[in-house]
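Coordinate inspection notes
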Amino acid sequence: AEWLALEGLLKEISPELDKIRTLDLNVKMGHEEYVHGHAARWRCTRTSMNRQVGVLRDLLQRFDVLGSTLEARHQAWKLDLEGGGELRPEPCIHTSSGFDPSTFSVSYVHKKVLEVLVET
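The text that follows walks through the structure, step by step, so that each part is easy to find. (Residues numbered from 1 in each chain as written. Predicted model: local features only at pLDDT ≥ 70, side-chain atom pairs only at ≥ 80, totals over all residues. Heavy atoms only, no water.)

1. As for the packing of helix H1 (residues 3–11) against helix H3 (residues 46–59)
One can describe the packing of H1 onto H3 by two numbers: an axis separation of 10 Å at closest approach and a directional angle of 45°. Of the possible angle classes, the one that applies to H1 and H3 is oblique. The two elements H1 and H3 cross, and the hand of that crossing is left-handed. Of the residues in H3, those touching H1 at Trp3, Leu6, Glu7 and Leu10 are Arg51, Gln52, Val55, Leu56, Asp58 and Leu59. When its residues are assigned to classes, the contact of H1 with H3 shows 6 nonpolar, 1 polar and 3 charged. (Axes fitted to C-alpha atoms, helices over the stretch in contact; angles between N-to-C directions. Helix = DSSP H or I, 4+ residues; strand = E, 2+ residues; numbered from the N terminus. Parallel < 35°, antiparallel > 145°, perpendicular 65-115°, else oblique. Left-handed = near helix turned anticlockwise from the far one by under 90°. Contact = heavy atoms within 4.5 Å. Nonpolar A, V, L, I, M, F, W, Y, C, P; charged D, E, K, R; others polar.)

2. Details of the packing of aromatic side chains
If you walk through the whole model with that rule in mind, you get 1 aromatic pair. Ring geometry for Phe63 versus Tyr108: centroids 6.5 Å apart, planes at 70°, classification edge-to-face. Residue Phe63 is located in strand E4 (residues 63–68), and its partner Tyr108 is located in strand E5 (residues 103–110); the two are separated by 45 residues in the primary sequence. (Phe/Tyr/Trp six-rings, centres within 6.5 Å; stacked < 30°, edge-to-face > 60°.)

Laid out in structure tokens, this is it:
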């Protein structure tokens, strides 16, 4: 996800945000881009994690979640683990069982679109 663009969009108190019917995001939680020399690199920080969770929470003020890939990723991870999958480095964020939920896709629909569908 383009975190800065989403933050800017959510700060808008304008009809522009209401023109968006759906959002499909590829999310990479806890990582922020920083410039080191001339190359952009990624690092994981608590500050970026908190900011990104806030953005996803703020999206819920105008949008509802249609679905995500989190459950499918979790099921695939469990099968890999049960099948003796290779050990990987500890991820930036993880559940108590070790699942890394930091990368997923999520789809949102504007609440006004749902209201119209329910009324018809």
